[in-house]
Amino acid sequence: MERTFAIIKPDAVARHLAGDILKRIEASGLRVVGLRLTQLSRADAESFYAVHKERPFYGSLCDYMTSGPVIVAVLAGEGAIKRWRDLMGATDPAKAAAGTIRKDFGQNVEQNATHGSDAPETAAQEIAFFFRGLELLP
Ligand code: DAT
Ligand code: MG
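Cut-offs used in this document
- Residues numbered from 1 in each chain as written.
- Chains lettered and ligands numbered in written order.
- Predicted model: local features only at pLDDT ≥ 70, side-chain atom pairs only at ≥ 80, totals over all residues.
- Heavy atoms only, no water.
- 1 Å grid on protein atoms, 1.4 Å probe; cavity = no way out; pocket = protein on both sides within 12 Å on 5 of 7 lines; lining within 4 Å.
- Points joined across faces, edges and corners; volume = space filled by probe spheres on them.
- Helix = DSSP H or I, 4+ residues; strand = E, 2+ residues; numbered from the N terminus.
- Pairing = 2+ DSSP bridges.
- Axes fitted to C-alpha atoms, helices over the stretch in contact; angles between N-to-C directions.

K.L.:
Would you take a moment to explain the layout of surface pockets for this structure?
P.N.:
The calculated volume of the largest pocket comes to roughly 620 Å³. In terms of lining residues, the largest pocket is bounded by 24 residues, among which Y49, V51, H52, L61 and H115 are the most central. Among the secondary structure elements, those contributing two or more residues to the lining of the largest pocket are helix 3 (42-48), strand 4 (114-116) and helix 7 (120-130). Per element, the largest residue contribution to the lining of the largest pocket is four residues, and it comes from helix 7.

K.L.:
How should the sheet that holds strand 4 be read in this particular structure?
P.N.:
Strands pair in a sheet through their backbones, by hydrogen bonds, and they do so in one of two ways: parallel or antiparallel. The strand order across the open sheet formed by four strands is 2-3-1-4, and the pairing between neighbours is antiparallel. Of all strands in the sheet, those bounded by a partner on one side alone are strand 2 (31-38) and strand 4. Sheet twist, expressed as the average angle between the axes of neighbouring strands with direction ignored, equals 20 degrees. Sheet topology places strand 1 (residues 2-8) next to strand 3 (residues 70-77); seven bridges connect them, and they run antiparallel. Of the residues in strand 3, the one forming a bridge with I8 is I71.

Below you can see the structure in the form of structure tokens.
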């Protein structure tokens, strides 16, 4: 059993796509074990994306991620990290495969609807950044 961390990003929440995205998660068989609506502060966004701080898009990415409410979630299941990345599709919606969330709901490489952890270590860090252990289902 593996856990991964997901964000339904501001553009998707603002366009009322959260229900559609959660529906795809549920239909995939991944189990939602943590879920919350929140809005990132500037410090939250800068810290969460610190790995990208030298990239030219970092400032814009942090602006965008703080621009409105997001839904943060923890998903569990066998191979959850890869399964959630596969459901999302490639970072750039223009390059994402047909039927993926980013293809169907992303607007561009920055406003790409969802976030997903990329490895077990980052999943653990990202989950701990947003959730206390007691907030997660066993
Ligand atoms: P992913 O979200 O698929 O893991 P990433 O970790 O490389 O992709 O980048 C994190 C986020 O940063 C991504 O979801 C959107 C933004 N981003 C990535 N590459 C970008 C680019 N070339 N221009 C603008 N934003 C970008
Ligand atoms: Mg990433």
